[in-house]
Amino acid sequence: GESVGLHLPTLSVQEGDNSIINCAYSNSASDYFIWYKQESGKGPQFIIDIRSNMDKRQGQRVTVLLNKTVKHLSLQIAATQPGDSAVYFCAENYSGGGADGLTFGKGTHLIIQP
Amino acid sequence: DTAVSQTPKYLVTQMGNDKSIKCEQNLGHDTMYWYKQDSKKFLKIMFSYNNKELIINETVPNRFSPKSPDKAHLNLHINSLELGDSAVYFCASSQDPRIGTEAFFGQGTRLTVV
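This one's a predicted model, so the numbers in the text were calculated from it and none came from an experiment.

**Student:** Quick question: what am I supposed to make of the overall build of chain B here?
**Tutor:** Within chain B one finds zero helices and eleven strands. Secondary structure elements of chain B occur, N-terminal to C-terminal, as β-β-β-β-β-β-β-β-β-β-β. Compactness check: chain B gives a C-alpha radius of gyration of 13 Å against a globular reference of 13 Å for 114 residues, within 12% of the reference. Across its three principal directions, the C-alpha atoms of chain B cover 40 × 30 × 30 Å.

**Student:** Just checking my understanding: could you explain the overall build of chain A for this structure?
**Tutor:** When helices and strands are counted, chain A shows zero helices and eleven strands. Written out in order from the N terminus, the α and β elements of chain A read β-β-β-β-β-β-β-β-β-β-β. Long-range pairs, those at least 24 residues apart, make up 54% of the contacts in chain A with a sequence separation of at least 6. With the model as given, the accessible surface of chain A reaches about 5,300 Å², and the carbon-plus-sulfur share is 46%.

**Student:** Would you mind showing me how to read the layout of surface pockets here?
**Tutor:** Rolled over the atoms, a probe sized like a water molecule indicates the empty space that remains. Looking at the second largest pocket, its volume works out to about 360 Å³. Every residue lining the second largest pocket is counted, 22 residues in all, and those nearest its centre are G41 of chain A together with Q37, K41, V88 and R110 of chain B. Elements with a minimum of two residues in the lining of the second largest pocket: β9 (86-93) of chain A together with β9 (87-94) of chain B. Broken down by element, the lining of the second largest pocket gets its largest block of residues, three residues, from β9 of chain B.

**Student:** Just checking my understanding: could you explain the pattern of salt bridges for this structure?
**Tutor:** Note on pairing: side chains with opposite charge can pair once their charged atoms come close. Residues and elements named next belong to chain B. Counted according to the given criterion, the structure contains six salt bridges over all chains. When the shortest N-O distance is used, the salt bridge between K71 and D30 registers 3.1 Å. With K71 in the loop between β7 (64-67) and β8 (75-78) and D30 in the loop between β3 (19-25) and β4 (31-37), this pair connects stretches of sequence that are 41 residues apart. The class of K71 is partly exposed, set by a relative accessible area of 43%. One network of salt bridges, with partners in common, ties together R63, E82 and D85.

**Student:** Just checking my understanding: could you explain the packing of aromatic side chains for this structure?
**Tutor:** We describe a pair of aromatic rings using the distance from one ring centre to the other and the angle between the two ring planes. Enumeration according to the criterion identifies ten aromatic pairs over all chains in this entry. Measuring from centroid to centroid gives 5.4 Å for Y36 of chain A and F105 of chain B, while their planes differ by 85°, and the two rings are edge-to-face. Taken as a pair, Y36 of chain A in strand β4 (residues 32-38) and F105 of chain B in strand β10 (residues 103-105) lie in two separate chains rather than in one. Neither residue differs from the other here; Y36 of chain A and F105 of chain B are each classed as buried. Geometrically, the ring pair formed by F89 of chain A and F104 of chain A is edge-to-face, given 6.1 Å between the ring centres and 85° between the ring planes. Here F89 of chain A is found in strand β9, whereas its partner F104 of chain A is found in strand β10 (residues 103-104), with 15 residues between them in sequence. Residue class for F104 of chain A comes out buried when judged on its relative accessible area of 2%. Ring pairing ties together the aromatic residues Y36, F89 and F104 of chain A together with Y33, Y35, F90 and F105 of chain B, which thus form one cluster.

**Student:** Can you walk me through the environment of S28 of chain A in this structure?
**Tutor:** Along the chain, S28 of chain A falls in the loop between β3 (19-25) and β4. By relative accessible area, S28 of chain A is classed as exposed at 60%.

Definitions and cut-offs
- Residues numbered from 1 in each chain as written.
- Chains lettered and ligands numbered in written order.
- Predicted model: local features only at pLDDT ≥ 70, side-chain atom pairs only at ≥ 80, totals over all residues.
- Heavy atoms only, no water.
- Helix = DSSP H or I, 4+ residues; strand = E, 2+ residues; numbered from the N terminus.
- Rg over C-alpha atoms; globule rule 2.2 N^0.38 Å.
- Contact = heavy atoms within 4.5 Å.
- Areas by Shrake-Rupley, 256 points an atom, 1.4 Å probe, with all protein chains shown as cover.
- 1 Å grid on protein atoms, 1.4 Å probe; cavity = no way out; pocket = protein on both sides within 12 Å on 5 of 7 lines; lining within 4 Å.
- Points joined across faces, edges and corners; volume = space filled by probe spheres on them.
- Salt bridge = Lys/Arg side-chain N within 4 Å of Asp/Glu carboxyl O.
- Buried < 20%, exposed > 50% of the residue type's maximum accessible area, 1.4 Å probe, protein only.
- Phe/Tyr/Trp six-rings, centres within 6.5 Å; stacked < 30°, edge-to-face > 60°.

What follows is the structure, given as structure tokens:
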């Protein structure tokens with residue numbers, strides 16, 4: 001079946017720098033996308049979401065960009081902090097698929113260097 | 001109050017045993033899920049369930065079965081445990097996946113089969 005994937009499994013950035021985590025998805029019917037953050041020993045936590053009728057959405061220090069033409073999703077984290085170190089997942093959903101849940105990408109481990 | 005809680009957090013058991021993991025959500029959501037996270041951090045949906053339908057990922061062995069005594073609970077029963085069942089299992093819930101909403105995750109249950 002179709003899947004969601006990430007380009008970089010590990011990303012290391014200096015504290016205070018900006019980071020960008022990328023995600024490619026292949027299900028062109030997906031209409032809802034989420035970024036999750038997972039810290040060690042915890043469950044995934046919601047960061048930000050975006051629907052397919054938008055191409056950009058901003059939160060506090062985070063921005064999600066959606067390019068439907070090339071089926072690409074990215075998460076930008078501004079002024080990274082040590083607490084941003086975690087594994088980040090993108091996830092997609094096709095609302096017309098019923099209650100079959102989110103499809104997750106492989107995850108990117110973001111490491112913030114002091 | 002914890003939104004999605006699952007117990008136990010750790011479970012070590014021998015091959016061939018039968019075990020259960022419990023999950024409760026206090027968010028009033030209609031849909032609950034079980035996800036499996038393998039050693040490479042890949043999250044894969046196992047089941048989604050609401051009061052009308054159960055959707056089973058076809059790759060899940062029939063040794064795994066969800067049981068829902070009420071809308072707020074979705075327990076996971078596993079029969080005849082195998083070494084390959086070792087993973088972290090996450091329960092989640094969402095309001096209405098058909099319109100695209102975030103899923104809230106529990107803290108996970110680390111299952112180790114020896």
